[in-house]
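So you can see what is in the structure, the chains are spelled out below.
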Amino acid sequence: MLAFGVSVVLNRDPVASALSLVGSFLCLAALFVGLDAFFIGVIQILVYAGAVMVLFLFIIMLLDLRAEKRRHFNRLALAGGGIVSVAFAAELIHVLAQFPMGHLPFRPLGVEKLDDVRLVGTTLFSNFNLPFQVVGVLVLVATVGVVVLSRRELK
Amino acid sequence: MNVLLDFIASVPWGLMTAAIAKTLFLIFLVVLPLVSYTVYAERRVSALIQDRVGPNRTGFPTSLLGFQKDLQLFLGGLGQPVADAMKFMLKEEFTPGHVNKVYFWLAPILAMVPALSTLAVVPFGNFMLGQKMVVADVNVGILYVFAVASIGVYGIVIAGWSSNSKYPFLGGIRASSQMISYELSLGLSAVPVLMLIGNLNLSEVIQYQINNGWLLVPFTNGVFTLKKLVLWGPIAISFIVFTISMFAETNRLPFDLPESETELVAGYHTEYSAMKFALFFLGEYAAMIVGSSLIVVLFLGGWHLPLLPMNTIESSETLPGAILGLIHISVFFAKVAALLFLFIWIRWTLPRFRFDQLMKLGWLYLFEIALANIFLTAAILALWK
């Protein structure tokens, strides 16, 4: 997963970058499945790898970005990116070192099979109903906005 | 070292061997032969429809050994898939100079692998030799099928793009827009079924249909109720929308715009030859088989046949139970074969859509019908507590 992630950044070819991102999504889904969270893993593939990245790839291929391959690295941006990622890694190590539960394994869940689809559904529609509805309205507003922005003027 | 030994001890070897055995059985003994004989059936049925004879005389090529005639099998022509496979393997593997090599080689793999891996969650029988006849009995079965099937579009897109020539590119673009559009109505049309059953696990879907009758043929358990009759309406609508979307997802003929040979030569696999082309071909037919088995599981009761006794996990280790298990597997694949015949029949009956008609059908009709159908089912289920 990390290898795919690195190759997203390092590849000069936009198509290769996009495909590496797909690979990294698949590996992330595998991590979720390894934790027995099948629902989240499968949704990860369905939404990101199966829908969002296909559209990305579609647009990259249609735009035919050959100029991107020839462009040189911007020194300043490179240095900035390096500093930010090193800082983030340092912070992550700092936090994880202080986390006392890190040495203990997870407690077993106590049930053979977890009906996680039903659990996610009931939690979403009972405890988090309002945020869920608000997100729905937000997505609707975004959709309407895109339609308005992309509509050409009729002559 | 200790960690390694612990790890080896903790692996459930029995479970793993069973899963691998089931996978090998399903893919190499059932699905791949079924794929090659679907190709053969396609040629024979198309010949029947067009009043031709079709490939009916492939036997053992004994004439190569100096005999006067080829030795005919008792059912002439059934050797045709073997001959086809030999042809694919022996042909020249040619990679054109203008292609993007890495992706050109990657694409056939990406077309074939998702089609076969979706089969992991499809229950293809009851019990055999003390094993449940499904490779992975996960609780998100149908979502897994949709997710992995949506990965399949990459194979086509990358094939079209990496071929670096205009017709494959157009084919790839058409394929991806078509598959994205119809995935929506495919997923939405399955929702009423899941609302009714209340479970995503495909084994549970079949169990529900054993207890309450197949969804599309709701009286197979011999009980007649008004609720079933009312619910049959939305189920039939969702069956029709699901089947049409499945045709579009597998690029079968009324929707085979990605490879329409009259305008795009052969679409995304124009530049491919020999085994790489064969992988696209096999992937397409494997996707057809997966689609048919999904329709069978969701609407036609899976491996269940009314009046046929069930075997249990214990009885399946004895001979009568094992035979019963084998009959259940055959029932499942007989239903799949009937649907495959429907696929072939429609291909040779209907003409191809225009691309704008295809998009209009997907976005303006099927999508709306599927959405309205969800509300209809919800209303019926809410009123009929």
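Details of the structure are given in the entry above.
Predicted, not measured: the structure shown is a model, and the values here were computed from it. (Residues numbered from 1 in each chain as written. Chains lettered and ligands numbered in written order. Predicted model: local features only at pLDDT ≥ 70, side-chain atom pairs only at ≥ 80, totals over all residues. Heavy atoms only, no water.)

**A short note on the packing of aromatic side chains**
Residue and element names in this part refer to chain B.
Then step 1. Across all of its chains, the model carries 13 aromatic pairs over all chains by this definition.
Then step 2. Relative to F343, the ring of F247 lies with its centre 4.3 Å away and its plane at 15°, an arrangement referred to as stacked. Taken together, the residues F247 in helix α9 (residues 226-249) and F343 in helix α12 (residues 319-347) connect sequence positions 96 residues apart. Note on accessibility: F247 and F343 belong to one class, buried.
Then step 3. Between F332 and F333, the ring centres sit 5.1 Å apart and the planes meet at 85°, which makes this aromatic pair edge-to-face.
Then step 4. According to the relative accessible area criterion, F332 is buried, its value standing at 1%.
Then step 5. Note on F333: relative accessible area 14%, which makes it buried.
Then step 6. Three or more aromatic residues joined by ring pairs make a cluster, and in this case those are F88, F281 and Y285.
Then step 7. If you follow K87 out to its NZ or CZ, it ends over the ring of F88, 5.4 Å from the centre.
Then step 8. If you follow K335 out to its NZ or CZ, it ends over the ring of W214, 3.9 Å from the centre. (Phe/Tyr/Trp six-rings, centres within 6.5 Å; stacked < 30°, edge-to-face > 60°. Helix = DSSP H or I, 4+ residues; strand = E, 2+ residues; numbered from the N terminus. Buried < 20%, exposed > 50% of the residue type's maximum accessible area, 1.4 Å probe, protein only. Lys NZ or Arg CZ within 6 Å of the ring centre and 35° of its normal.)

**Section: the nonpolar core**
Residues and elements named next belong to chain B.
Then step 1. In this structure, Y154, F242, L298, F299 and F332 are the most contacted members of the largest nonpolar core, which totals 107 residues.
Then step 2. The element best represented in this core is helix α11 (residues 274-299), accounting for 12 residues.
Then step 3. What F299 contacts, discounting residues up to four positions off in sequence, is V193, Q209, W214, L215, L216, I235, S238, F239 and F242. (Core = buried A, V, L, I, M, F, W, Y, C linked by side-chain atoms within 4.5 Å. Contact = heavy atoms within 4.5 Å.)

**Considerations on the side chain of S181(B)**
Residues and elements named next belong to chain B.
Then step 1. Following the sequence through the fold, S181 ends up in helix α7 (residues 166-197).
Then step 2. Judged by its relative accessible area of 4%, S181 falls in the buried class.
Then step 3. A distance of 2.6 Å separates a polar atom in the side chain of S181 from the backbone oxygen of S177.
Then step 4. What S181 contacts, discounting residues up to four positions off in sequence, is M359 and W363. (Polar contact = N/O pair within 3.5 Å; in protein donor to acceptor, adjacent residues only side chain to side chain.)

**So, helix α4 (residues 101-117) of chain B**
Then step 1. Compared with an ideal rise of 1.5 Å per residue, which puts 17 residues at 24 Å, α4(B) spans 25 Å between its outermost C-alpha atoms and is within 8% of the ideal.
Then step 2. Those residues of α4(B) that sit buried are Y103(B), F104(B), A107(B), P108(B), A111(B), M112(B), P114(B), A115(B) and L116(B).
Then step 3. Contacts from the buried residues of α4(B) go to α2 (14-34) of chain A together with α2 (13-49), α5 (141-151), α6 (153-162) and α11 of chain B. (Expected span 1.5 Å × (residues − 1).)

**Observations regarding α2(A)**
All names here are of chain A.
Then step 1. The first and last C-alpha atoms of α2 sit 30 Å apart over 21 residues, in line with the 30 Å expected at 1.5 Å per residue.
Then step 2. Among the residues of α2, those classed as buried are P14, V15, A16, S17, A18, L19, S20, V22, G23, S24, F25 and A29.
Then step 3. Phi turns positive one or two residues past the end of α2, at D36, with a value near 65°.

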